Amino acid sequence: MLPGVGVFGTGEIANVLVPLLREKGFEVRAIWGRTLKEAKETASAQNVAFHTNVIDEVLLRKDVDLVFIVCQPFLHAEISVKALGIGKHVVCDKPAGLHQMDALKMVRASQYYPTLISLVNHPLRFLPAFTQMRRCLQEELIGPLAAVVLMDVRVQLGTLFPEKYNWMCDAQMGGGALNLVGSVVDLVSYLLQQQAVRVHGVLRSYTKTTGAINGIRQITAPDFCNFQMELASGTLVTVALHSHTVPAKTFSQEVLVYGSKGHLVVRGGDLFVLKEGQPKEEAVYVDVQDLHFSTNNSLLPRPYIKGLCKMVGALKEAFGSKESSWIKAPVSTAATFEDGLYVQAVVEAIRKSNETRQWQRVQLSTDSPLNHDQIIRYGYARMSTM
């Protein structure tokens, strides 16, 4: 028996996630939205029987054992901590809260309940092109992993901002390009199995207002991000991400890894290799798999949707074991809350670098802000005020 699912959120990800969960055999038992109107509209569109704007009403349902948190980032830590405290499995969307203190609370809660699943949704880890790229790197197809000298990431996508002003337009609420940067930072550590020691970044907000008529609120979230990371081995990673000049629904992604004997590159969902002495690139993996439901109306990039689909499939395998309630192997490559904490440390260093216009060291917070009893009280106290 697969666990019943509660979904926190009513945006783009939720509208893609619910059909994915059903396709894999999960039953979506409840939808939560910030307002009752949003929850009702999403539940009606997705044919979910129960909807609410009260967090406890989802978490305390006996038919909900797994929660997907795909709402506003400032709620991620609070919902995750409380869900784990009452025995629910948790998959939280990126980012892991708004800052390191949020992520650290999530890490501590997951450590107190190791028998529960606690993952961060970084779907690129499950995209076949990147799982194949990681295998090629481990097999030293372009030379030893330690000899990788450069990784170059370029992402262009349509506008990040909706017609009407919401949290995605506000930098303080976790909106803008930094949300996507988190996935890139996580992807680098997943592929190269190294972490960044220092970063240098530039953030810009080129889009100033939404498309709404008579809109007066200014967009503060960045739609352009360019940064460099120096890894522990000396490998340099360059990342360029922008969305301010690209038509809606446009998406292009290129990830290049240069080794001592050639390079690997993922373009879209396809993987190519160029070895030393070869005249041109060879295809290693070509993505021909199609999704079993329509995503034409979604603004989410297809590689992210396909990665999410693979992750839900891995969760199905994890819960499908007859030997125990769940097994770790199928989701062993998924991002954990500890990975989410590292990503937050890098993102904070990028923000600081943008302010100081200097290289900044990545400083990972390790001081626990709460003990076990405080973690439980924190979750309940925060939820009771919402």
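Higher on the page you've got the structure.
Now for a description of the structure that goes with this document. As the structure is a prediction and not an experimental result, all values here were calculated from the model. (Residues numbered from 1 in each chain as written. Predicted model: local features only at pLDDT ≥ 70, side-chain atom pairs only at ≥ 80, totals over all residues. Heavy atoms only, no water.)

### Remarks on the sheet that holds strand β5 (residues 89–93)
Convention followed: Think of it this way: DSSP has to see at least two bridges between two strands before they count as a pair. Only runs of H or I of at least four residues qualify as helices and only runs of E of at least two qualify as strands under DSSP, and these elements are numbered from the N terminus. Contacts: residue pairs with any heavy atoms within 4.5 Å of one another. Axes here mean lines fitted to C-alpha atoms, for a helix over just the part in contact, with angles spanning 0 to 180 degrees between N-to-C directions.
Pairing within the open sheet is mixed, and its seven strands lie in the order β3-β2-β1-β4-β5-β6-β15. Both edges of this open sheet fall to β3 (50–52) and β15 (335–336), since each of them pairs with a single strand only. The sheet contact formed by strand β1 (residues 5–8) and strand β2 (residues 28–32) spans four bridges and is parallel. Looking at β2, one finds that Gly6 is bridged to Ala30. The sheet strands contacting helix α4 (residues 76–85) are β1, β4 (66–69), β5 and β6 (118–121), and the helix crosses β5 at an angle near 170°.

### Describing helix α6 (residues 128–138)
Cut-off, in case you're wondering: When a residue's accessible area, from a 1.4 Å probe over protein chains only, is under 20% of the maximum for its type it is buried; when over 50% it is exposed; and in between it is partly exposed.
Among all positions in α6, only Pro128, Ala129, Phe130, Met133, Arg134, Cys136 and Leu137 are buried. Two residues or fewer after α6 comes Glu140, characterised by a positive phi angle close to 60°.

### Observations concerning the nonpolar core
Operational definition: Take the buried residues of types Ala, Val, Leu, Ile, Met, Phe, Trp, Tyr and Cys, join any two whose side-chain atoms come within 4.5 Å, and each joined set is a nonpolar core. What counts as a domain boundary in this text is fixed by an automatic or database domain assignment.
Membership of the largest hydrophobic core comes to 56 residues, with the highest contact counts inside it found for Phe130, Met133, Leu137, Met151, Leu192, Met229 and Val346. It is helix α7 (residues 177–192) that contributes the most residues to this core, 11 residues altogether. The two domains that each donate at least three residues to this core are domain 1 (4–124 + 300–344) and domain 2 (128–288). For Leu137, the contacting residues outside a window of four places in its chain are Ile142, Gly143, Leu145, Val148, Leu191, Leu192, Val257 and Leu264. Counting 33 residues, the second-largest nonpolar core is a separate cluster that includes Val16, Phe126, Leu308 and Val331.

### Quick notes on unusual backbone geometry
In this structure, the amide linkage connecting Lys94 to the following residue, Pro95, adopts the cis form with an omega of -5°. For Asn47, which is not glycine, the phi torsion reads 60° and is therefore positive. Its location among the elements puts Asn47 in the loop between α2 (36–46) and β3. When its relative accessible area of 66% is taken as the criterion, Asn47 is described as exposed. If you check the backbone angles, Gln193 has positive phi at about 55° while not being a glycine. Take Gln193: it is sitting in the loop between α7 and β8 (196–204). For Gln193, a relative accessible area of 42% gives the class partly exposed.

### Overview of α4
For α4, the buried fraction is high: nine of the 10 residues fall into the buried class. Listed in full, the buried residues belonging to α4 are His76, Ala77, Glu78, Ile79, Ser80, Val81, Lys82, Ala83 and Leu84. Among the residues trailing α4, Gly87 stands out with phi positive, at a value near 90°.

### Quick word on the packing of aromatic side chains
What counts here: Pairing of aromatic side chains here covers Phe, Tyr and the six-membered ring of Trp, requires ring centres within 6.5 Å, and sorts the geometry by plane angle: under 30 degrees stacked, over 60 edge-to-face, intermediate tilted.
Applying the stated criterion across every chain, the model contains three aromatic pairs. Judged by centre distance (5.8 Å) and plane angle (45°), the rings of Phe8 and Trp32 are tilted. With a gap of 24 residues between them, Phe8 in strand β1 and Trp32 in strand β2 connect regions that are remote in the sequence. Given a relative accessible area of 0%, Phe8 falls into the buried group. Relative to Tyr304, the ring of Phe251 has its centre 6.1 Å away and its plane inclined at 85°; by these criteria the two rings are edge-to-face. Of this pair, Phe251 sits in strand β11 (residues 251–259) while Tyr304 sits in helix α8 (residues 302–319); the two residues are 53 residues apart in sequence, bridging distant segments of the chain. The class of Phe251 is partly exposed, set by a relative accessible area of 22%. Exposure remark for Tyr304: the relative accessible area of 8% places this residue in the buried category.

### Looking at the sheet that holds strand β13 (residues 270–275)
Strand order in the open sheet formed by nine strands is β14-β13-β12-β11-β7-β10-β9-β8-β16, and the pairing between neighbours is mixed. Edge strands, defined here as strands with exactly one partner in the open sheet, are β14 (282–285) and β16 (360–361). Taken together, the six bridges between β11 and strand β12 (residues 262–267) define a ladder with antiparallel strand orientation. When the sheet's bridge partners are listed, Tyr258 is paired in β12 with His263. Across the face of the sheet, α6 comes into contact with β11, β12, β13 and β14 while running at roughly 170° to β12. Helix-sheet contacts for helix α9 (residues 337–356) involve β8, β9 (224–231) and β16, and the interaxial angle to β8 is about 55°.

### A look at the packing of helix α5 (residues 100–112) against α9
Let me state the cut-off plainly: Should an angle fall under 35 degrees it is called roughly parallel, over 145 degrees roughly antiparallel, and 65 to 115 degrees roughly perpendicular, with every other angle called oblique. Helix crossings fall into two classes, left-handed where the near helix is turned counterclockwise from the far one by less than a right angle and right-handed where it is turned clockwise.
Where α5 meets α9, the axes come as close as 9 Å, and the angle between the chain directions of the two elements is 170°. Looking at the two axes, α5 sits roughly antiparallel to α9. Crossing of α5 over α9 shows left-handed handedness. For the pair α5 and α9, the contacting residues are Gln100, Ala103, Leu104, Met106, Val107, Ser110 and Gln111 in the first and Phe337, Glu338, Gly340, Leu341, Gln344, Ala345 and Glu348 in the second.

### Notes on the environment of Gln195
In this structure, Gln195 sits in the loop between α7 and β8. Gln195 sits 151 residues away from Val346 along the chain, and the two C-alpha atoms are 9.2 Å apart. Sequence-distant contacts of Gln195, defined by excluding residues within four places in its chain, comprise Leu231, Ala232 and Tyr342.

Taken by themselves, the reported measurements are silent on function.
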